[in-house]
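Coordinate inspection notes
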Amino acid sequence: MTFPDFSAPGATIPVKGPSHARTLELLGGGASRTVGMVLTAVVTLAVAGAATAATQLTGNIETVEMGSLGTDRPKQVLPEDPNAGTPLNIVLMGSDSRGGENGGLAGGEDAGARSDTTIVMHISGDRSRVEMISIPRDSTVDIPTCTTTNGVATPELYGTKFNAAFSQGVEYGADVASGALCTVKAIEQLTGVFMNGFVVVDFAGFSSMIDAVGGVEVCVEEAIYAPKANHLTLEPGTHTLKGVKALDYARARTGDGLGDGSDLGRIGRQQEVMASLARKVLSQEVLTNPSKTLKFLDAVTGSLTMNKELASIDGLAGLAYSMRNVRPDTITFVTVPNEYDPNNPANVVWTDDAVQLWDNVKHDRPVDFDPDAPSADASPSAPTGDQDTEAETGTKPGTETGGSETEPTPASTEIKQAGEEAFTGADTTKVCG
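Thresholds, definitions, all that
- Residues numbered from 1 in each chain as written.
- Predicted model: local features only at pLDDT ≥ 70, side-chain atom pairs only at ≥ 80, totals over all residues.
- Heavy atoms only, no water.
- Helix = DSSP H or I, 4+ residues; strand = E, 2+ residues; numbered from the N terminus.
- Buried < 20%, exposed > 50% of the residue type's maximum accessible area, 1.4 Å probe, protein only.
- Areas by Shrake-Rupley, 256 points an atom, 1.4 Å probe, with all protein chains shown as cover.
- Patch = residues over 30% accessible without salt bridge, like charges linked within 9 Å, V, L, I, M, F, W, Y side chains within 5 Å.
- Salt bridge = Lys/Arg side-chain N within 4 Å of Asp/Glu carboxyl O.
- Lys, Arg positive; Asp, Glu negative; His and termini not counted.
- Charge placed at Lys NZ, Arg CZ, Asp CG, Glu CD.
- Phe/Tyr/Trp six-rings, centres within 6.5 Å; stacked < 30°, edge-to-face > 60°.
- Pairing = 2+ DSSP bridges.
- Contact = heavy atoms within 4.5 Å.
- Disulfide = S-S within 2.5 Å.
- Core = buried A, V, L, I, M, F, W, Y, C linked by side-chain atoms within 4.5 Å.
- Axes fitted to C-alpha atoms, helices over the stretch in contact; angles between N-to-C directions.
- Parallel < 35°, antiparallel > 145°, perpendicular 65-115°, else oblique.
- Left-handed = near helix turned anticlockwise from the far one by under 90°.
- Nonpolar A, V, L, I, M, F, W, Y, C, P; charged D, E, K, R; others polar.

1. Notes on the overall build of the chain
Within the chain one finds 12 helices and 15 strands. The proportion of buried residues among the 433 residues of the chain is 56%. In the structure as shown, the chain presents an accessible area of about 17300 Å², 49% of it carried by carbon and sulfur atoms.

2. Concerning a negative patch on the surface
On the surface, Glu 339, Asp 352, Asp 353, Asp 370 and Asp 372 cluster together to form a negatively charged patch. Following the sequence through the fold, Glu 339 ends up in strand S14 (residues 338-341). Looking at Glu 339, the relative accessible area reads 46%, which means it is partly exposed.

3. Details of helix H5 (residues 203-212)
Across the 10 residues of H5, eight count as buried, placing the element largely inside the fold. Turning to H5, its buried residues number three or more, namely Phe 203, Ala 204, Gly 205, Phe 206, Ser 207, Met 209, Ile 210 and Ala 212.

4. Some remarks on the packing of aromatic side chains
Remark: the centre distance and the inter-plane angle together describe each pair of aromatic rings, the angle taken between the planes. What the rule picks out here adds up to one aromatic pair. Their ring planes at 35° and their centres at 6.3 Å tell us that Trp 350 and Trp 358 sit as a pair that is tilted. Classification of Trp 358 by relative accessible area gives buried; the value is 4%.

5. Digging into the pairing of strand S15 (residues 344-350)
Both S14 and S15 contribute to a ladder of four bridges, which runs antiparallel. Looking across to S15, one finds that Glu 339 is bridged to Val 349. Counting the residues between successive antiparallel strands, the hairpin from S14 to S15 contains two residues.

6. Digging into the environment of Gly 215
With respect to the helices, strands and loops of the structure, Gly 215 is situated in the loop between H5 and strand S8 (216-220). The spacing of Gly 215 and Lys 280 is 65 residues in sequence and 8.8 Å in space, taken between C-alpha atoms. Residues in contact with Gly 215, not counting those within four places in the same chain, are Ile 210, Thr 240, Leu 241, Lys 242 and Lys 280.

7. With respect to the state of the cysteines
Within the structure shown, the criterion is met by two disulfides. Put simply, Cys 146 and Cys 182 are joined by a disulfide, and their sulfur atoms are 1.7 Å apart. Residue Cys 146 is located in the loop between strand S5 (140-143) and strand S6 (157-161), and its partner Cys 182 is located in helix H4 (residues 176-191); the two are separated by 36 residues in the primary sequence. One disulfide bridge connects Cys 219 with Cys 432, the sulfur atoms lying 1.9 Å from each other. In this structure, the disulfide formed by Cys 219 and Cys 432 twists by about 90° around the S-S bond and is classed as right-handed. Linking Cys 219 in strand S8 with Cys 432 in the segment after helix H12 (353-362), this pair joins segments that are 213 residues apart in sequence. Taking relative accessible area as the criterion, Cys 219 reaches 14% and is therefore assigned buried.

8. Looking at the nonpolar core
Among the nonpolar cores identified, the biggest contains 31 residues, and Ile 133, Phe 198 and Trp 358 are the most heavily contacted of them. Mapped onto this core, the elements with two or more residues apiece are strand S2 (88-95), S5, helix H3 (164-173), H4, strand S7 (197-201) and H12. When residues of this core are assigned to their parent elements, the largest contribution, six residues, is made by H4. Counting residues in hydrophobic clusters, the runner-up holds 25 residues, among them Ala 212, Val 220, Ala 226 and Phe 296.

9. A few points about the packing of H5 against helix H6 (residues 243-251)
Two elements in contact, H5 and H6, have axes separated by 7 Å at closest approach and are oriented at 125°. What the angle tells us is that H5 and H6 run oblique. Judged by the sense of rotation from one axis to the other, the crossing of H5 with H6 is right-handed. Mapping the contact onto sequence places Phe 203, Phe 206, Ser 207, Ile 210 and Asp 211 in H5 and Gly 243, Val 244, Ala 246, Leu 247, Ala 250 and Arg 251 in H6. Class assignment for the residues of the contact of H5 with H6 results in seven nonpolar, two polar and two charged.

Structural data, given as structure tokens:
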């Protein structure tokens, strides 16, 4: 099959964009564990000539159009160089809906549907960088009104938790897609950055996905017992966690060996699961095994909700093919800079540094770009000026195939503290044995 060219008008060959940034914090969970692997798996099938299977599997995905977001949205900044690819921003959400298969995986928590994990995945125009920007669910923010899939307008909310956008979207729209649309609307208003699409994955999807790749390896330094996470019990040491147990580990917040019980503390454990999964899926162990690829896709696609444009076979395959050079050490993870809310210590508020971070995303600069640094120099391909554009879903592919035959060598011998400092999938966060 052929792969569509989703690059900016007039594009011929990809050009080098902003230089690589130093790695930042990996903060998040849920959907970010899925979308990159879905894209990679789809393109593996397509390259192998299994277009029919890929088309059937993408048909499993629940889709919705983003037209209800209206026209009053941020402008997308395009590169000045017409040969440069278009950067993309995709909102990744992990839903804790208790419907269907998810009920038995909820660990006895309250019914309902929330998005306790929200990440903006920024894909650079030259496809050399993927940056995962986590938005803490307990951020104190104002939530705008949004129109749900059934045409109902939600009320504005002030000084509330960020994940209320998803919750009230589901409440008024009666579906997960409405929760996703309201979350995208809130992110665009809070950041001024255009979002090209979204992906939502639920409990069952995450659990099945982990099983499809044979589990993920994590290092536990202190004994864990989490009664609210299906009584998760782990002794110190290295563990290969399968589906349900991996889900419990990623979701656990309170209990023995889990720190202060805050959502920010839970983020560190989610980071380690994501890094381990990225290494597993981006290795030849999965990408060159057709049965594992098919199993992975079948497990995940039935548990996804996506915007219609991104979920098309051409959209997924084109984007995945353009991203085939991505490695664990080229994926940067960061959280929105925050501090505890002085008016509500259970929440956090974004700091002034968040303004610079979102400006970097908008202009396709590395997320840690500091304009005041002595050596700061915007890349020639870092775009300037606002231009309107329709959502893009990929760019012209490069020339090399991705996937590493072995797990990557850590970027340094330094032990990184997940959730507290910068690291990538190639870094070491804990040492067991």
